[in-house]
There are 2 protein chains.
Amino acid sequence: MVAQIIDGNIVANDIRKDIRLKMAELRLDGVTPGLAVIMLGDDPGSASYVRMKGKACTELGMYSQTLRLPSDYSEASLLHLIDELNANKKIHGILVQMPLPRHIDTQKVLVRINPNKDVDGFHPINVGKLLIGDRSGFLPCTPLGIQILLSRTGHRPDGKHVVILGRSNIVGKPLAAMLMQKEEGANATVTVCHTGTKDIGAISRQADILVAAMGSPEFVKADMVREGAVVIDVGGVRVPDKSVPKGYRLVGDVDYEAVRQKAGAVTPVPGGVGPMTIVMLMQNTLLAAERMQNLD
Amino acid sequence: MVAQIIDGNIVANDIRKDIRLKMAELRLDGVTPGLAVIMLGDDPGSASYVRMKGKACTELGMYSQTLRLPSDYSEASLLHLIDELNANKKIHGILVQMPLPRHIDTQKVLVRINPNKDVDGFHPINVGKLLIGDRSGFLPCTPLGIQILLSRTGHRPDGKHVVILGRSNIVGKPLAAMLMQKEEGANATVTVCHTGTKDIGAISRQADILVAAMGSPEFVKADMVREGAVVIDVGGVRVPDKSVPKGYRLVGDVDYEAVRQKAGAVTPVPGGVGPMTIVMLMQNTLLAAERMQNLD
C-alpha cells in the first residue's frame with residue numbers, strides 16, 4: 001500500500017473560496033480586512049514567509065502592510081509601532097514574524113499586541129482561552145491548519161490517539177491543547193513526546209495520527225510509524241541543493257519516501273501543512289475584522 | 001509488594017515551614033499576605049473547602065476574608081465586589097469558589113480578577129503563561145500540588161511517561177501543560193485520556209505515573225495499573241456512610257485497596273492531593289504578596 005497524499009493546497013484553496021464569500025459580505029458594510037506584518041532583520045526564510053503572507057492578502061483582496069525593519073530596530077520603537085497598529089482602524093490583524101533579534105524580549109512584544117488583533121494566537125490570553133476551551137480568542141495558525149486539514153480530508157481526530165513529536169509554543173503545545181478539547185474535530189487522546197522522551201518509537205508506533213513537529217529533518221523513519229497511520233509533517237528546513245534553481249530544497253521532519261510506503265496518509269513538504277498555515281492567517285484576519293465590525 | 005503511601009500531609013507541613021520563614025521576612029516590611037475567598041450559595045462540599053482555606057490562612061498568620069453570599073447574589077454585584085477586592089491593598093489573593101450558580105458567567109468572573117491576585121491560576125492570561133512556560137503568572141493549586149508532591153517524595157516526573165485521566169480546566173489540562181514543559185520537575189512524556197478515549201486501560205497500563213482526575217469514584221482498578229507505577233488520586237466525592245460520625249466518607253477515583261497491592265506508590269484519599277492543594281493556595285498568596293511588595 002502506498003499512502004494517500006494529503007494535499008494542503010487543495011484544502012487551502014477550498015477555504016480561500018469560503019473566505020472570499022465572507023469578504024463579499026463584509027464589503028457591503030464597507031470593511032476590508034487588513035493585516036500588518038512586522039519583520040526585523042533579513043533572514044531569508046523569514047523574508048520568504050513574510051512575502052507569502054503579503055501575497056496571500058493581495059490575492060484575496062485584503063489590505064496588507066509589510067513593515068521590514070532593520071535587525072537593530074529598538075524594542076521601544078517596536079512597542080511604539082505596535083501601539084500605533086493597535087489604534088489603526090484599517091488594521092484588524094497584527095503579526096510579528098518570529099524569531100526576533102536577541103535584544104528584544106519576545107514575550108513583551110507579544111503581550112503588547114491587542115488580543116483582538118492577535119491573529120497569530122500567541123498572546124498569552126489567547127493561549128489560555130485555547131487551553132480552557134473558550135473559543136472567543138484566536139487559535140494559532142499552524143495547529144488550526146492541521147486540525148482543519150485532518151477533518152477536511154477524512155481523518156477526523158475524534159476518538160483517535162494523536163501523538164505529537166515536539167513541544168514548541170508555535171505547534172506542539174497548542175496543537176495538543178486543541179485536539180484534547182471535548183469538541184467535534186478534536187476529542188482525541190493526545191500524547192506529547194519530546195527530547196525528554198525515552199523511547200519515542202514505542203509511543204509513535206501507537207499513533208493513529210502522528211504529528212512530526214520537532215524541526216529535525218527526516219527524524220521520523222518508517223519503523224516509527226504504525227501501518228496505515230496518518231502522518232502530518234510540520235517540518236521544513238532549507239537544505240542546500242545545487243541541482244535545483246533555488247539552490248536549496250525544503251526537507252520535512254518525516255523520511256517521506258520510506259514513510260509513504262507504510263502510512264495510510266501523509267502530508268508532503270512543501271504542499272502539506274504550509275499552505276494551511278497561510279490560509280488560517282487569512283481566516284483569522286477575516287475573523288478579526290468580522291468581530292470588530294460586530295462590536296461597532 | 002504493597003505500595004508506598006504518599007502522605008500529602010507530611011509534605012504540606014514541610015512547605016508550611018518554608019512559608020512561615022518567608023512570611024517572617026515579609027513582616028519586616030510590615031506586610032501580611034491576605035486572601036479573600038468568595039462563595040455563593042450553601043453547597044456543603046464547597047462550604048467545607050472554604051472553611052479549610054480560611055483556617056489554613058489563620059494557622060499561618062495570614063489575613064483572610066471569607067465572603068459567603070446568597071446563591072441568588074447577582075453577577076453585577078459579584079463583579080463589583082471583585083473590583084473592590086482588586087483595589088484592596090490588604091488583599092493579595094482573590095479566590096472565587098467553584099462551581100458558581102448557573103445565572104453567573106464563570107469566565108466573566110474569572111477574567112475580572114486582577115491577574116496579579118489570581119492565586120487560583122484560572123485567569124486565561126495565567127493559563128496561557130502556564131502553557132507557554134512563562135513563570136511570571138500563577139499556577140493552579142491542584143496541578144502544582146501534584147507536581148511538588150511527586151518531586152518531594154522521590155517520584156520526579158522528568159523523563160517518565162505520565163498518563164492523566166480527565167481533562168478538566170482545574171486539573172487535567174493544566175497538569176498536562178505543566179508536566180510537558182522543558183523544566184526540572186517536569187519534562188515528562190504526557191498523555192491525556194478522557195471520555196473520548198477508546199481503550200483507557202491499554203494506555204493507563206503504560207504509565208510510570210498515573211493521575212486519576214476524572215471525578216469517577218474508584219474508576220481506576222488494579223488491572224489498569226502497571227506493576228510498580230506511581231498512582232496519584234485527585235478524586236474525592238462524598239459517599240453516604242452511616243457507620244461514621246460525619247455520615248459520609250470521601251471516595252477517590254482509585255480503587256485504593258486493590259491498587260495498592262500492585263502500584264509502587266499511591267496517594268490516599270483523604271490525605272494525599274487535598275492537603276497539597278490547600279498549601280499551594282497559601283504559597284500562591286505569599287507569592288502574590290511578595291510580588292506586590294517588589295513592585296512597590
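Quick caveat: nothing in here was measured; it's all calculated off a predicted structure.

(A) Broad picture of the overall build of chain A. When helices and strands are counted, chain A shows 10 helices and 11 strands. Relative to the globule expectation of 19 Å for 296 residues, the C-alpha radius of gyration of chain A, 19 Å, shows essentially globular dimensions. If one aligns the C-alpha atoms of chain A with their principal axes, the spans along those axes are about 55 × 40 × 35 Å. Here the analysis covers contacts within chain A between residues at least 6 apart in sequence; of these, 68% occur between residues at least 24 apart.

(B) Broad picture of the packing of helix 5 (residues 124-132) of chain A against helix 5 (residues 124-132) of chain B. Where helix 5 of chain A contacts helix 5 of chain B, the axes come no closer than 6 Å and their chain directions differ by 90°. With respect to helix 5 of chain B, the element helix 5 of chain A is oriented roughly perpendicular. Note on element contacts: helix 5 of chain B touches helix 5 of chain A through B:Pro124, B:Ile125, B:Asn126, B:Val127, B:Gly128, B:Lys129, B:Leu131 and B:Ile132, opposite A:Pro124, A:Ile125, A:Asn126, A:Val127, A:Gly128, A:Lys129, A:Leu131 and A:Ile132. For the contact of helix 5 of chain A with helix 5 of chain B, the per-class residue count stands at 10 nonpolar, 4 polar and 2 charged.

(C) Region of the structure containing the domain arrangement of chain A. One can read the domain layout of chain A as domain 1 (30-114) and domain 2 (141-273). Taking only C-alpha atoms into account, the centre of domain 1 of chain A sits 28 Å from that of domain 2 of chain A.

(D) Summary view of the sheet that holds strand 3 (residues 63-69) of chain B. Residues and elements named next belong to chain B. Taken together, 3 strands build an open sheet; the order of strands is 3-2-4 and the sheet is parallel. Taken across any chain shown, the strands that pair with only one partner, and hence form the sheet edges, are strand 3 and strand 4 (93-96). Across this sheet, the average inter-strand angle for adjacent strands is 15°, counted without regard to direction. By the bridge criterion, 7 bridges tie strand 2 (residues 34-40) to strand 3 in an arrangement that is parallel.

(E) Geometry of the interface of chain A and chain B. Listed by partner, the interface residues are 28 residues for chain A and 28 residues for chain B. Counting residues per element, the ones that place at least two in the side of chain A that touches chain B are helix 5, helix 7 (172-179) and strand 6 (189-193) of chain A. Of all the elements, helix 5 of chain A adds the most residues to the side of chain A that touches chain B, at 8 residues. Residue composition of the side of chain A that touches chain B, grouped by class: 11 nonpolar, 10 polar and 7 charged. As defined by bridge partners, strand 6 of chain A adjoins strand 6 (residues 189-193) of chain B across 3 bridges and the pair is classed as antiparallel. Looking at strand 6 of chain B, one finds that A:Val190 is bridged to B:Val192.

(F) Examining the sheet that holds strand 8 (residues 230-233) of chain A more closely. In spatial order, the strands read 1(A)-11(A)-8(A)-7(A)-5(A)-6(A)-6(B)-5(B)-7(B)-8(B)-11(B)-1(B); together these 12 strands make up an open sheet with mixed pairing. Only two strands of the sheet have a single partner each, and these edge strands are strand 1 (4-5) of chain A together with strand 1 (4-5) of chain B.

(G) Looking closely at the environment of B:Asp83. When you line up the elements, B:Asp83 lands in helix 3 (residues 75-87). For the pair formed by B:Asp83 and B:Met282, sequence separation is 199 residues and the distance between their alpha carbons is 22 Å.

(H) Fine view of helix 3 (residues 75-87) of chain A. With 13 residues, helix 3 of chain A should reach 18 Å at 1.5 Å per residue; the first-to-last C-alpha distance of 19 Å fits that figure. Against strand 2 (34-40), strand 4 (93-96) and helix 4 (106-112) of chain A lie the buried residues of helix 3 of chain A.

(I) Main features of the packing of helix 1 (residues 8-28) of chain B against helix 10 (residues 273-295) of chain B. Residue and element names in this part refer to chain B. Here helix 1 crosses helix 10 at 15°, and the two axes come no closer than 9 Å. Taken together, the axes of helix 1 and helix 10 are roughly parallel relative to one another. Considering how the two elements wind past one another, helix 1 and helix 10 form a crossing that is left-handed. Within the contact between the two elements, helix 1 uses Gly 8, Asn 9, Val 11, Ala 12, Ile 15, Arg 16, Ile 19, Lys 22, Met 23 and Leu 26 and helix 10 uses Val 273, Gly 274, Pro 275, Met 276, Val 279, Met 282, Gln 283, Leu 286, Ala 289, Glu 290 and Gln 293.

(J) Here's a closer look at unusual backbone geometry. All names here are of chain A. Looking along the chain, the bond that leaves Met 98 and enters Pro 99 is cis, with omega of -5°. Counting through the fold element by element, Pro 99 comes out in the loop between strand 4 and helix 4. Of note, Glu 218 is a non-glycine position whose phi angle comes to about 55°, a positive value.

(K) How the structure looks around the relation of the copies chain A and chain B. Under the fitted operation, chain A is carried onto chain B by 0.0 Å of movement along the axis and a turn of 180°, and the coordinates agree to an RMSD of 0.0 Å. The two molecules are tied by a two-fold rotation axis, judged by turn and shift. A share of 100% of the interface residues of chain A reappears at the interface of chain B, consistent with the copies meeting face to face through the same patch.

(L) Local environment of the pairing of strand 7 (residues 209-212) of chain B. All names here are of chain B. Residues of strand 7 alternate between two faces, with Ile 209 and Val 211 on one and Leu 210 and Ala 212 on the opposite face, all of them buried. Here strand 7 runs beside strand 8 (residues 230-233); their pairing, made up of 4 bridges, is parallel. The residue of strand 8 that forms the bridge with Val 211 is Ile 232.

(M) Representation of the confidence of the model for chain A within the structure. The predicted model of chain A averages 97 in pLDDT, with 100% of residues at 70 or higher. Across the predicted assembly, pTM comes out at 0.97 and ipTM at 0.96.

(N) Expanded view of the environment of A:Thr142. You can see A:Thr142 is positioned in helix 6 (residues 141-152). Not counting chain neighbours up to four residues away, the residues in contact with A:Thr142 comprise A:Ile170, A:Val171, A:Val234, A:Val273 and A:Thr277.

(O) View of the pairing of strand 4 of chain B. Residue and element names in this part refer to chain B. Neither face of strand 4 is exposed, since Gly 93 and Leu 95 on one face and Ile 94 and Val 96 on the opposite face are all buried. Across 4 bridges, strand 2 lies against strand 4 in parallel orientation. Residue pairing for strand 4: Val 37 is matched across the bridge by Leu 95.

Rules behind the numbers
- Residues numbered from 1 in each chain as written.
- Chains lettered and ligands numbered in written order.
- Predicted model: local features only at pLDDT ≥ 70, side-chain atom pairs only at ≥ 80, totals over all residues.
- Helix = DSSP H or I, 4+ residues; strand = E, 2+ residues; numbered from the N terminus.
- Rg over C-alpha atoms; globule rule 2.2 N^0.38 Å.
- Contact = placed C-beta atoms within 7 Å.
- Axes fitted to C-alpha atoms, helices over the stretch in contact; angles between N-to-C directions.
- Parallel < 35°, antiparallel > 145°, perpendicular 65-115°, else oblique.
- Nonpolar A, V, L, I, M, F, W, Y, C, P; charged D, E, K, R; others polar.
- Domains from an automatic or database assignment.
- Pairing = 2+ DSSP bridges.
- Expected span 1.5 Å × (residues − 1).
- Left-handed = near helix turned anticlockwise from the far one by under 90°.
- Least-squares fit on C-alpha atoms with pLDDT ≥ 70 in both.
- Buried ≥ 20, exposed ≤ 12 C-beta atoms within 10 Å, placed from the backbone.
- pLDDT = per-residue confidence, 0-100.

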